[in-house]
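Close look at the chain arrangement
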Amino acid sequence: MSHHKLLESKGEDDTNDECGIWEENKKIWKVGFPAMLARTTQYGIFVVTQAFIGRIGELDLAGYALIQIIAIRFANGILLGMSSATETLCGQAFGAKQYHMMGIYMQRSCIINLVAGTFLLPLFIFSAKIFILLGEDEQISEKAGYICLWFIPILYFFVFAFTLEKFLQTQLKNGIVGWLSAAAFALHVILSWIFVSKLNWGIPGAMIAMIISNWCIIIGTVIYITCGGCPNTWKGFSSAAFSDLVPVIKLSISSGIMLCLEFWYNAILVLLAGYMKNAATQVSALSICLNVAAWEFMLCFGFLASASVRVSNELGRGDVKAAKYAIKVIFTESTVMGVSFFILCLAFDRQIARLFISEANVIEAVSKLSVLLALSVILNSFQAIFTGAAVGAGRQTTVAYINICSYYVIGVPIGFFLAYVVHMQITGIWIGMVIGVVMQVLALGYITFTTNWDEQVEKASERLHSWLLKPSSDESNNVKVLSEEN
């Protein structure tokens, strides 16, 4: 306890003098830029695949879109969310200098994600029958079912990629993931052009290119970690990874629910738009706006990652002042970016739509949504920081409850009411979505700025010490406990 108080008083001086805005920015962007690069390029691989499949045929594109919106979004949300448990535990362990535990936490997360991914496997194997039961067109469902089988290797890419990225991110070494992802994106474009455009392999060619590109990221990351890139935090495989799994499972499940609820919020709104008059125009306009918001959120994801890492590191160290200061700096910078994109969305509403489509009715529909799109963009910048701070403190369960109330108790019902009862159509759906996000941001913001961070330090300390493993004679080379200086 005295150590925490010492760090708190020291953190105040560091924040004002040595660790000023410039020093804090170096820490933020060391995590934030690679995270942005990784997310945008990995997301870009899916976009490129969609573009090449769109050249194969309309039915193929519809099947791919159905898989990406439903199955991939679902699996991605669960596994990415569950991996945020690694972000919390490894981040706090790194701050507390329990470096030997980070590799164990990462291995535990891989085990849990591997089991979770295997449980999701039937969703991919029987996707055609599932889509038919949901009332989707039979031809599209059959095509989606065929494409979904090709996505099984991508499912297992998610299992390992997110955990490895969080492991490196919490020790400020995720630059390797960013550059590997950028290289994989370039490789994917080349392979897709060769396999689809030149060799005419069709869907198998597009999916083989995606599988090769994504798994190159995993292979490169594993080589980096195991061949000396993380000498203090990777001590080899350990049987300790199979112990104390229950508390990690609980944190992982709450993390998965937290993010999956958020990912599915937009999917539900797209499905609602599909039941409207002129559904094609409505869905197209909504999808364009959601794509713009998603690309902007990939940039905000960098701030989310920075907030999570900085908060978890400082809570692990016991430095309350530094954690609060990091949140303030990241919040300011994310807000500036959000305001900039807010202005751009208002100024170039029609030009944004023309990037995706040339049909006048869709462009007009997008233009009518420009104000709501701009609001969604700026809300992303707030949402990312508050969610990142909550993840850094290990409060995923709280965020999950807030998401349920904000999105599904408030946002979706309001959107449905305005769209179908008040007959505001797609505008009503988007208003409901914005209201849901506003409620989420207000709730998370209130929690963030009223949090007793000293209490969060104690919780982090209790969690780390309760799971701390001491070396045994069999694991002396894998597990190293630091001296009791802390």
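Residues numbered from 1 in each chain as written. Predicted model: local features only at pLDDT ≥ 70, side-chain atom pairs only at ≥ 80, totals over all residues. Heavy atoms only, no water.

**Focus on the environment of Glu296**
Note that Glu296 resides in helix H11 (residues 279–317). C-alpha of Glu296 to C-alpha of Ser376: the two residues are 80 residues apart in sequence and 9.9 Å apart in space. Not counting the four nearest positions on each side in its chain, Glu296 is found in contact with Met337, Gly338, Phe341, Val377 and Asn380. (Helix = DSSP H or I, 4+ residues; strand = E, 2+ residues; numbered from the N terminus. Contact = heavy atoms within 4.5 Å.)

**Quick look at a negative patch on the surface**
Together, Glu136, Asp137, Glu138 and Glu142 give the surface a local cluster of negative charge. Take Asp137: it is sitting in the loop between helix H5 (127–133) and helix H6 (138–150). A relative accessible area of 41% means that Asp137 is categorised as partly exposed. (Patch = residues over 30% accessible without salt bridge, like charges linked within 9 Å, V, L, I, M, F, W, Y side chains within 5 Å. Areas by Shrake-Rupley, 256 points an atom, 1.4 Å probe, with all protein chains shown as cover. Salt bridge = Lys/Arg side-chain N within 4 Å of Asp/Glu carboxyl O. Lys, Arg positive; Asp, Glu negative; His and termini not counted. Charge placed at Lys NZ, Arg CZ, Asp CG, Glu CD. Buried < 20%, exposed > 50% of the residue type's maximum accessible area, 1.4 Å probe, protein only.)

**What about the packing of helix H8 (residues 175–198) against helix H9 (residues 202–229)?**
Helix-helix packing is described using two parameters, namely the angle between the two axes and the distance between the axes. Here H8 crosses H9 at 155 degrees, and the two axes come no closer than 9 Å. What the angle tells us is that H8 and H9 run roughly antiparallel. Two packed elements cross with a definite hand, and for H8 against H9 that hand is right-handed. Residues of the contact of H8 with H9, tallied by class, amount to 16 nonpolar, eight polar and no charged. (Axes fitted to C-alpha atoms, helices over the stretch in contact; angles between N-to-C directions. Parallel < 35°, antiparallel > 145°, perpendicular 65-115°, else oblique. Left-handed = near helix turned anticlockwise from the far one by under 90°. Nonpolar A, V, L, I, M, F, W, Y, C, P; charged D, E, K, R; others polar.)

**Quick word on the confidence of the model for the protein**
Predicted coordinates in areas of low pLDDT are best not read in detail. A residue-level look at the protein finds 85% of positions with pLDDT of 70 or above and a mean pLDDT of 81. In this model, residues 1–19 is a region of pLDDT below 50 whose contacts with residues beyond four sequence positions or in other chains number 30 contacts. Throughout residues 471–486 the model reports pLDDT below 50, and contacts reaching past four residues in sequence, or to other chains, amount to 25 contacts. (pLDDT = per-residue confidence, 0-100.)

**Side note on the packing of helix H2 (residues 21–56) against helix H12 (residues 320–347)**
Two numbers describe how H2 lies on H12: the axes approach to 10 Å, and their chain directions differ by 75 degrees. Looking at the two axes, H2 sits roughly perpendicular to H12. For the pair H2 and H12, the contacting residues are Ile21, Glu24, Asn25, Ile28 and Trp29 in the first and Tyr325, Ala326, Val329, Ile330 and Glu333 in the second. Looking at the contact of H2 with H12 residue by residue, the class counts come to seven nonpolar, one polar and two charged.

**Focus: a nonpolar patch on the surface**
A surface patch of nonpolar side chains, amounting to about 450 Å² of accessible area, comprises Ile125, Phe126, Ile130, Leu134 and Leu149. The residue Ile130 is located in helix H5 in this model. Take Ile130: its relative accessible area is 30%, and that puts it in the partly exposed class.

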